[in-house]
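Analysis of the macromolecular model
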Amino acid sequence: GEGYGICRAVHAEQNALLNSSREQTIGADLYLTGVNPGDNTIHRANPCPVCSRLIIQAGIRNVIMRVGEREEEFVIISAEKLVWHQ
């Protein structure tokens, strides 16, 4: 399919939330790493609008996103500040 609305795949964020209880997600931190499947390099992770809505509704506190190759290259964003609309 094309576009997030008709995509058959389940995104990693969705999969993590589907496999967690409400008690596990409220106040939890979610870690994201973007990996380029072509060469396995790390790129800036960023949840799509659908995943952002799910993260917010699940009660996740912070999203820690890798922004580069090195372990210490990350940003922490409050889930409330995620872009959930286009």
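The present account deals with the structure reproduced in this document.

The rules behind each value
Residues numbered from 1 in each chain as written. Predicted model: local features only at pLDDT ≥ 70, side-chain atom pairs only at ≥ 80, totals over all residues. Heavy atoms only, no water. Helix = DSSP H or I, 4+ residues; strand = E, 2+ residues; numbered from the N terminus. Buried < 20%, exposed > 50% of the residue type's maximum accessible area, 1.4 Å probe, protein only. Contact = heavy atoms within 4.5 Å. Pairing = 2+ DSSP bridges. Axes fitted to C-alpha atoms, helices over the stretch in contact; angles between N-to-C directions.

Re the environment of V75
Looking at the element boundaries, V75 is found in strand 5 (residues 74-78). Take V75: its relative accessible area is 25%, and that puts it in the partly exposed class. C-alpha of V75 to C-alpha of R44: the two residues are 31 residues apart in sequence and 9.5 Å apart in space. Among residues more than four places away in sequence, those in contact with V75 are R44, V63, I64, M65 and V67.

Regarding the pairing of strand 1 (residues 29-32)
Side chains of strand 1 alternate between two faces, with L30 and L32 buried and D29 and Y31 left unburied. In the sheet, strand 1 pairs with strand 4 (residues 62-66) via four bridges, with the strands oriented parallel. Residue pairing for strand 4: L32 is matched across the bridge by M65.

Let's talk about the sheet that holds strand 5
With mixed pairing, three strands are arranged side by side in an open sheet as 1-4-5. The sheet is open, and its two borders are formed by strand 1 and strand 5, each paired with just one other strand. For this sheet, the mean angle separating the axes of adjacent strands, direction not counted, is 20°.

Examining unusual backbone geometry
One non-glycine residue with positive phi stands out, namely N40, at about 65°. On the secondary structure map, N40 appears in the loop between strand 2 (34-35) and strand 3 (42-43).

Some thoughts on the environment of K81
Among the secondary structure elements, K81 is positioned in the segment after strand 5. A C-alpha to C-alpha distance of 9.7 Å links K81 and V63, two positions 18 residues apart in sequence.

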